[in-house]
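# Observations on the three-dimensional arrangement
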Amino acid sequence: MKSMKLIGSLSFIWLVMAISAVAQPSSSPAPVLDNAGRALERGVEYYINPAITDSGGRFTLINRTGLCPFYVGQENVSGLEGFPVTFTPFIEGETVIRENGDLRIVFSAATICVQSTAWKLGERDPETERRLIVTGEDQSSRSTGNYFRIVKASVGTNIYEISWCPTQVCPICRFDCGTVGNLVENGKRLSALDGGVIPVQFERKA
């Protein structure tokens with residue numbers, strides 16, 4: 001009789017545990033989706049497009065001063081110009097690009113500068129006080145300047161924002177986080193933090 005009660009008690013405990021496991025939401029953040037609703041993947045090439053009209057074209061490399069390095073920016077008009085990028089999550093072994101996860105963004109292109117085309121947090125523009133996005137490798141110990149993240153926009157389908165706040169890379173660091181927008185300078189659309197935000201979509205390269 002006692003053994004039957006014990007079996008019954010264990011069965012009830014297992015049932016509760018099973019229900020709890022099913023009821024709990026997945027701990028993994030949602031995947032970032034491209035404009036066709038497919039999850040973004042590590043190492044696959046994507047174009048970054050503005051999600052609203054009259055906000056320039058695809059993201060590209062900008063020769064801001066005639067000197068190295070090149071800057072991250074946008075084509076002035078929408079169209080087929082611009083360079084694709086690849087995403088590499090900070091979490092080793094992660095093959096899907098997920099919301100709010102630190103990652104490297106690298107243009108699939110070469111320049112006369114003969115250096116990395118990885119996105120990097122750059123200098124603060126003295127006139128506008130906005131921090132520009134350049135290309136190159138961050139030589140600091142944690143390379144936090146090279147890690148950005150993709151955040152779901154508050155409205156729209158498969159629309160996102162790109163921000164800099166690498167708390168996965170350095171959980172104990174305190175960052176002056178910011179979200180990417182554009183800064184028009186001498187007819188060129190540069191990418192910069194600390195201003196208006198530009199929502200984007202991702203288009204898988206054919």
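Residues numbered from 1 in each chain as written. Predicted model: local features only at pLDDT ≥ 70, side-chain atom pairs only at ≥ 80, totals over all residues. Heavy atoms only, no water.

## Remarks on the overall build of the protein
- Secondary structure summary: the protein contains 1 helix and 13 strands in total.
- Ordering the α and β elements of the protein from the N terminus gives α-β-β-β-β-β-β-β-β-β-β-β-β-β.
- A fraction of 57% describes how many contacts in the protein between residues 6 or more apart in sequence connect residues 24 or more apart.
- Of the roughly 11300 Å² of accessible surface on the protein, a fraction of 56% belongs to carbon and sulfur atoms. (Helix = DSSP H or I, 4+ residues; strand = E, 2+ residues; numbered from the N terminus. Contact = heavy atoms within 4.5 Å. Areas by Shrake-Rupley, 256 points an atom, 1.4 Å probe, with all protein chains shown as cover.)

## Topic: the state of the cysteines
- Scanning all chains against the criterion turns up 3 disulfides.
- Between the sulfur atoms of cysteine 68 and its disulfide mate cysteine 113 the distance is 2.1 Å. When the S-S torsion is -100°, as for the bridge of cysteine 68 with cysteine 113, the disulfide is left-handed. Here cysteine 113 lies in the loop between β5 (103-107) and β6 (119-124) and cysteine 68 lies in the loop between β2 (59-62) and β3 (71-74), a separation of 45 residues in the sequence.
- Given the relative accessible area of 14%, cysteine 113 is considered buried. (Disulfide = S-S within 2.5 Å. Buried < 20%, exposed > 50% of the residue type's maximum accessible area, 1.4 Å probe, protein only.)

## Structural notes on the layout of surface pockets
- By volume, the largest pocket is sized at about 160 Å³.
- Residue lining of the largest pocket: 13 residues in total, with Pro50, Ile52, Gly56, Gly57 and Ser78 positioned closest to the centre.
- Classifying every residue of the lining of the largest pocket by side-chain character gives 3 nonpolar, 8 polar and 2 charged. (1 Å grid on protein atoms, 1.4 Å probe; cavity = no way out; pocket = protein on both sides within 12 Å on 5 of 7 lines; lining within 4 Å. Points joined across faces, edges and corners; volume = space filled by probe spheres on them. Nonpolar A, V, L, I, M, F, W, Y, C, P; charged D, E, K, R; others polar.)

## Section: the packing of aromatic side chains
- All chains considered together, the criterion is met by 8 aromatic pairs.
- Considering the side-chain rings of tyrosine 46 and phenylalanine 87, the 6.1 Å spacing of their centres and the 40° angle between planes classify their relative orientation as tilted. Separated by 41 residues along the polypeptide, tyrosine 46 in strand β1 (residues 46-50) and phenylalanine 87 in strand β4 (residues 85-89) bring together distant segments of the chain. Each of the two residues, tyrosine 46 as well as phenylalanine 87, counts as buried. (Phe/Tyr/Trp six-rings, centres within 6.5 Å; stacked < 30°, edge-to-face > 60°.)

## So, the side chain of serine 163
- Inspection of the secondary structure puts serine 163 in strand β9 (residues 160-164).
- Residue serine 163 is classed as buried on the basis of its relative accessible area of 8%.
- When sequence neighbours within four positions are dropped, the list of residues in contact with serine 163 reads Phe148, Arg149, Val151, Gly178 and Thr179.

## Some details on unusual backbone geometry
- Put simply, cysteine 68 and proline 69 share a cis peptide bond, and its omega is 5°.
- The residue aspartate 194 is not glycine, and still its phi comes out positive at about 70°.

## A look at the pattern of salt bridges
- According to the stated counting rule, one finds 14 salt bridges in the structure shown.
- Arginine 204 is the partner of glutamate 41 in a salt bridge, and the nearest nitrogen-oxygen pair spans 3.3 Å. With glutamate 41 in the loop between α1 (2-23) and β1 and arginine 204 in strand β13 (residues 200-204), the pair connects residues that are 163 residues apart, well separated along the chain.
- In this structure, arginine 124 and aspartate 194 form a salt bridge, with 3.5 Å as the shortest nitrogen-oxygen distance. Residue arginine 124 is located in strand β6, and its partner aspartate 194 is located in the loop between β12 (188-192) and β13; the two are separated by 70 residues in the primary sequence. (Salt bridge = Lys/Arg side-chain N within 4 Å of Asp/Glu carboxyl O.)

## Details of the nonpolar core
- Residues Ile48, Phe87, Trp119, Ile150 and Phe202 are the most contacted members of the largest nonpolar core, which totals 29 residues.
- When contributions to this core are tallied by element, the ones reaching two or more residues are β1, β2, β4, β5, β6, β9 and β13.
- In terms of nonpolar packing, the next biggest core, distinct from the first, is built from 7 residues, Ile62, Tyr71, Val134 and Leu183 among them. (Core = buried A, V, L, I, M, F, W, Y, C linked by side-chain atoms within 4.5 Å.)

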